[in-house]
Amino acid sequence: MEKGRTTIEVGADGVAVITIVNPPVNSLSFDVLYSLKDNYEQALKRNDVKAIVVTGSRGKFSGGFDISAFSAIQGGKIGQPNADFISIEIVTNTLEGAKKPSVAAIDGLALGGGLEIAMACHARISTSNAQLGLPELQLGVIPGFGGTQRLPRLVGLTKALEMILLSKSIKGEEAHSLGLIDAIVPPDQLVIAARRWALDIVEFKRPWIRSLFKTDKLEPLGEAREILKFARAQAQKQAANLQHPLVCIDVIEEGIVSGPLAGLRKEASSFQHLLASDTCKSLVHVFFAQRATSKVPGITNLGLTPRKTKKVAILGGGLMGSGIVTALIMSNYPVILKEVNEDFLKAGIDRIKANLQSRVKKGKMTDEKFEKTLSLVKGVLDYESFRDVDIVIEAVIENISLKQQIFADLEKYCPPHCILASNTSTIDLNLIGEKTNSQDRIVGAHFFSPAHVMPLLEIVRTNKTSPQVVVDLLDVGKKIRKTPIVVGNCTGFAVNRTFFPYTQSALLFVDRGLDVYKIDRACTKFGMPIGPFRMIDLVGFGVGVATGMQYLQSFPDRSYKSLLLSLMLEDKRSGEATRKGFYKYDNRRKATVDPEINMYIEKSRKMAGVTADPKLLKISDKEIVEMVFLPVVNEACRVLDEGIAVKASDLDIASIMGMGFPPYRGGIIFWADTLGASYIHRRLEEWTKRYGDFFKPCSYLTERAAKGISLSASVERGKARL
C-alpha cells in the first residue's frame, strides 16, 4: 500500500499549498503527520514563501487520525510516540507557532484530528457543506491533538462540550455562525480564497489569530465551572459505566483553570492512558467489525456487481411491514404495499405516515420532504402491479402455510429476476420456499423492530440462495443505512438464536429463586438498554411463548421450558400492550414493579417441581450478568461452529445492533474473550451440575477452553450448515 503523505506546491503569489493525500478520506497516519511537519518546515525556511494554505486532496480535508494505528498500538505492532509529540511539537509549535501565517481550506470532511489541524491554522475557510466535528469519544478516547483546548476557545464552552461529548458534527454554515469558520465560499473558489486570506494576514489586512490563546469566547471561571459541573452530571447519568467522558471534561477544565499549555499536557497524557483502556479496545474493535460485515467469503469476493433495484414490494402493513416501507421510502425507493383488505391497507399507510410525522416533529424532515417521501408508497390489494418489481419482502404473521402460499403466488406474478425475501425472524427458509421452483432467489431479509429505526439487517441465505441475490441485498441494506450481516439458515438464524438463552436463563433462575427486578437491574447496570423481563413485556408474552416453542422444538436438549409466561398470559397479562406484564404500566407506558407477579412465580415453581436455591439470594450483580449471558455465549459458539455466522465479529455487531449489547464491551464474543474460554467453561460446568443440561458447554467452547484458544480466533471448520 502507498504511504499517506502531504505535497507542497509554491505559487507565484508566495503561498505554499500543502495538500494531505491519503485516500479515501485523507486520514492522518503517522506518515502524513511527519510529512506535514517536514513540508511546514520547508515552507518556513524558503524565502519565496510568505504564507501557507493547508487543504486535502479530492474534496476532503481530513477524516481524522488513522484508526488502524490505534489497533496497531494496542496490539504492540507499533510503538506509541511520546504523548505530547504530535499535539505539542507538530500541531502547536510547528503549525500554530509558525512565523508565517497559515489558512485551512476545508471541503468535505474535517473530523477528529482533521479539525484539530484546521483549528491550529490562523484562519479557516470552508464550503457550506463541509462536515466538522470531534467524534473521538465514539472510540473511547478524547481529542488528542489539542481539540479539547482549541474548540472551547473558538465556539464557547457550552457548544464545544456538546460537540465533543455527543460526537456531534456540524456543517460549514453553522460552523461559520459559531466562529469556528471565518468565511464560506463555493468549492471551486476554496483554495483561491484561502490563498488571498493568507496574504491578507501577511499584509495586516486580517487578524493573525492563534486559537489556543483566544479567550473572548470563554465564559468567566465561575460560570464555566457550573457548565462543567452540569456536563459531568449528564455524562454520569447517560453513561454510568464510561470514564472517558469525565476524563474529557477534566481535561477541558484544566485548560480553563490552569491555562491552555497545561490543558494540552493533560490532554496528551490522558489520551495515551485512554488508548490502552478496555473501553477503547472494545470500541475500536466494533469500528472495524462493523466495516467487515460487508465482506462475505464466497459472496463478495466473486467480482459480482449489485443489480439496480428500481422498485420494491412489501407484503403486510403491520408493525414490521410499515417500518420496512418507511426505511425504504426514506432512501427514495418507490414501494408497493400489498394488504388483504382496505382496512388493513389504510392502517398500514397510517403507520407509515406516523413514522414520518415523528421525524417532522423532531425537525429531521420538512413538510415538503414528508409529502414527497409518502408519495413513493402505492397501496394495492392484488399482485397485478408486482410484474416489474425487483425485490419483494414478505412481512406477514409467522405462519408457515400462509408464507408458503404467498411465495407460490409471488413466483407466478413477479418477474424471473425478482428477489423473493422473507422478514421471518425464526422460520426455516427452506420450509417457506418448499412449494416454489425459485429457491435460488429466496432469501431472508430480517429487520429488527422498529424496522425504520433499528440499524441491523440480517440477510439469511440457504444453501440454494444465489450469491447475486446476497450481493443485491447487501447493496440495498447499505443504501437504506442499515448494517447488513449475512448469515446461514436455521431456526432463529444468527441473532435471535444466539440470544434465545438470554430470556430462558433469566426465567430458569427466577424459578430457582432469583428476583425478576434484581435480574433486570443487573443487566441494565451492565449496559443493556432494558433487562430480559422488561424486554419480554415490550415484545409481548404471545410472541415470547410462540418463539419459545420454536426453540423447544428445534433445540429440545438445551431449552428451558418455563411455565411462567403461559400462567401470566392466562390471566391476560401479556406485557406492555395490556399495561400488565412483569411490570405495571401507566398511561405514559412508565414501568413500575408489581408485587402480584410473586403469586405466578410460586405457581410456576410448584408446577416445575423446583425449590428456591437460598444461595441465589446472596449473589452479586456480576454473577447475575454471567448467569444470563454465558448461556448466550455458549449458543454463539454453536452458531460459529455450524457456520451460521461467518465470523465472530459479525456476531459482535449483531449483538450490539440487534439486541442492544453495550458497544463499549465490544460485542458478545469480544466480551466473552475478556473473561476467557476456560473461565466460561468452568462456570457453565458448575451450573450444569447444579441446574441441568441447559448450561452444558458445547464442544466448540470445551475444545477452546482445553487448548487455551480465544473464542473469536478463526479456525478451519467442516462444511458450513446454511
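If you're wondering where the values come from, they're calculated on a predicted model, not measured in any experiment.

Calculation notes
Within every chain, residues take consecutive numbers counted from 1 along the sequence as written. Only residues with pLDDT of at least 70 are given local features in this predicted model, and only at 80 or more are side-chain atom pairs given and counted; all residues enter the totals for whole chains, interfaces and linings. As a convention, hydrogens and water are excluded, and side-chain values are obtained from all of the structure's heavy atoms. Burial status follows relative accessibility: with a 1.4 Å probe on protein chains alone, a residue under 20% of its type maximum counts as buried, one over 50% as exposed, and anything between as partly exposed. Runs of E in the DSSP output that reach at least two residues are strands. Runs of H or I that reach at least four are helices, and both are numbered from the N terminus. Whether two strands pair comes down to DSSP finding at least two bridges between them. Viewed with both strands pointing away, a crossover whose connecting path from the first strand over the helix to the second turns clockwise is right-handed. UniProt positions are given in the numbering used here, feature names are shortened, and annotations may be inferred rather than shown by experiment. Here a residue-residue contact requires only that any non-hydrogen atoms of the pair lie within 4.5 Å. Interaxial angle, 0 to 180 degrees, is taken between N-to-C directions of lines fitted to C-alpha atoms, where a helix line uses only the stretch in contact. The salt bridge criterion pairs a side-chain nitrogen of Lys or Arg with a carboxyl oxygen of Asp or Glu, the two atoms within 4 Å. Think of a 1 Å grid over just the protein atoms. A cavity is a set of points where a 1.4 Å probe fits yet cannot get out, a pocket is an open set with protein on both sides within 12 Å along at least five of seven lines, and lining residues have an atom within 4 Å of a point. Grid points are joined across faces, edges and corners, and a volume is the space filled by probe spheres set on the points.

1. A few points about the pairing of strand β13 (residues 391-394)
Burial along β13 is two-sided: the face carrying Ile391 and Ile393 and the face carrying Val392 and Glu394 are both buried. Two strands pair when backbone bridges link them, and strand β10 (residues 312-315) and β13 are joined in this way by four bridges, in the parallel orientation. Across the sheet, residue Ala313 finds its bridge partner in β13, namely Val392. Regarding the hand of the β-α-β motif, the stretch spanning β13, helix α16 (residues 400-413) and strand β14 (residues 419-422) is right-handed.

2. Quick look at the UniProt feature "domain: 3-hydroxyacyl-CoA dehydrogenase NAD binding" (unreviewed entry) in the chain
With numbering matched to this structure, UniProt assigns "domain: 3-hydroxyacyl-CoA dehydrogenase NAD binding" (unreviewed entry) to residues 311-489. Helix and strand shares over residues 311-489 are 39% and 20% respectively, and the end C-alpha atoms of the span are 26 Å apart.

3. Some words on the UniProt feature "domain: 3-hydroxyacyl-CoA dehydrogenase C-terminal" (unreviewed entry) in the chain
Within this numbering scheme, the UniProt entry marks residues 492-585 as carrying the feature "domain: 3-hydroxyacyl-CoA dehydrogenase C-terminal" (unreviewed entry). When the span residues 492-585 is considered, its composition is 61% helix and 3% strand, and the gap between its end C-alpha atoms is 29 Å.

4. Considering the sheet that holds strand β8 (residues 170-171)
Here we have three strands laid out as an open sheet, ordered β5-β7-β8, and mixed in their pairing. Either end of the sheet is taken by a strand with one partner, and the two such strands are β5 (109-111) and β8. In terms of strand pairing, strand β7 (residues 131-133) meets β8 through two bridges, oriented antiparallel. Paired with Leu132 across the strands is Ile170, a residue of β8. Against the sheet, helix α4 (residues 113-120) contacts β5 and β7, and its axis sits at roughly 90° relative to β5.

5. With respect to the pattern of salt bridges
Scanning the model with the defined rule gives 41 salt bridges in all. Here Lys168 makes a salt bridge to Glu162, at a shortest N to O gap of 2.5 Å. Arg589 is the salt-bridge partner of Glu576, the closest N and O atoms lying 3.2 Å from each other. Separated by 13 residues along the polypeptide, Glu576 in the loop between α23 (564-570) and β18 (583-585) and Arg589 in the loop between β18 and β19 (591-593) bring together distant segments of the chain. The exposure class of Glu576 is buried, given its relative accessible area of 8%. Relative accessible area serves as the criterion here: at 47%, Arg589 is assigned to the partly exposed category. Several salt bridges share partner residues, and in doing so they unite Arg497, Asp557, Arg558, Glu635, Arg638 and Glu642 into one network.

6. Quick notes on empty space enclosed by the protein
Counted by the stated rule, this structure contains three cavities of 30 Å³ or more. Roughly 60 Å³ of volume is contained in the second largest cavity. Around the second largest cavity sit Leu328, Ile391, Ile393, Ala445, Phe447, Leu457, Leu473, Val476, Gly477 and Ile480, which together line it. Elements that contribute at least two residues to the lining of the second largest cavity include exactly β13, β15 (442-447) and α18 (467-479). Sorting elements by how many residues they give to the lining of the second largest cavity places α18 first, with three residues.

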